[in-house]
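The lines below spell out each chain.
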Amino acid sequence: MHFSLTDLIIDITQNAVEAGSETVELEVSENNGEFRFLVRDNGKGMTEEELKRAVDPFVTDGVKHPGRKVGLGLPFLIQMAEQSGGGWDIKSEKGKGTAVTAWFDTGNVDTPPSGDIPGMFRTILMFNASAEIIIRRKNNDNEYEIAKSELAEALGGLEDVSSLVLLEQYIRSLEENEE
């Protein structure tokens, strides 16, 4: 179950990483009562038929989660976006990748809390994959961009506890930086 918007974003971003992507881009913005995110990858992509199945909660390929009869990542996203006065869009091309966008009215009572944004970024950057992950963040007038490869180089990797503590401190300082 997704208790916050960050839970949804982690789920969708993990799907992008697991699609065999070389690059995954995540954009998260909050402005004028709207929370919006975009996850774009250059992974395996989907045909129109595969995309129809991906948004159907009662269909799964059984590969990612053997034995599971339903796939709920995108259907949960769609339901939460629509019930909160927002919306969604998915574009995908077989062999080229997928882009998932969703937006939420933060003033709507049905919009889940945004959650721990810096903690979400840390979790996503820790995904065990060779994919480059680029994160772009805009919160009113505060904007920044971070790349997994640059952070790993600066911190000497993203595997040990001390690097992860520094990573989280850095991301939290970026979030607090009001220009």
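The shown structure was predicted, so the numbers you read here are calculated from the model rather than taken from an experiment.

With that out of the way, let us pick up the overall build of the chain. A tally of helices and strands in the chain yields six helices and six strands. The order of helices and strands in the chain, counted from the N terminus, is α-β-β-α-α-β-β-α-β-β-α-α. For the chain, with 179 residues in total, the buried portion stands at 42%. As presented, the chain carries roughly 9,700 Å² of accessible surface, and 50% of it is formed by carbon and sulfur atoms.

V28, F37, L77, F104, F121 and L125 are the most contacted members of the largest nonpolar core, which has 39 residues in total. Ranked by residue count, the leading element in this core is helix 1 (residues 5–18), at six residues. Not counting chain neighbours up to four residues away, the residues in contact with L125 comprise I133, I135, I146, K148, L151, L158, L167 and I171.

Strand order in the open sheet formed by six strands is 3-4-2-1-5-6, with mixed pairing between adjacent strands. Each of the sheet's edge strands pairs with one partner strand only, and the pair in question is strand 3 (87–93) and strand 6 (142–147). If you compare each strand with its neighbour and ignore which way they point, the axes differ by 5 degrees on average. Packing of helix 1 onto the sheet brings it into contact with strand 1 (23–31), strand 2 (34–41), strand 4 (97–105) and strand 5 (132–139), and relative to strand 2 it is tilted by some 10 degrees. Each of strand 5 and strand 6 touches helix 5 (residues 148–155); the most contacted strand, strand 6, lies at about 75 degrees to it.

What counts as what
Residues numbered from 1 in each chain as written. Predicted model: local features only at pLDDT ≥ 70, side-chain atom pairs only at ≥ 80, totals over all residues. Heavy atoms only, no water. Helix = DSSP H or I, 4+ residues; strand = E, 2+ residues; numbered from the N terminus. Buried < 20%, exposed > 50% of the residue type's maximum accessible area, 1.4 Å probe, protein only. Areas by Shrake-Rupley, 256 points an atom, 1.4 Å probe, with all protein chains shown as cover. Core = buried A, V, L, I, M, F, W, Y, C linked by side-chain atoms within 4.5 Å. Contact = heavy atoms within 4.5 Å. Pairing = 2+ DSSP bridges. Axes fitted to C-alpha atoms, helices over the stretch in contact; angles between N-to-C directions.

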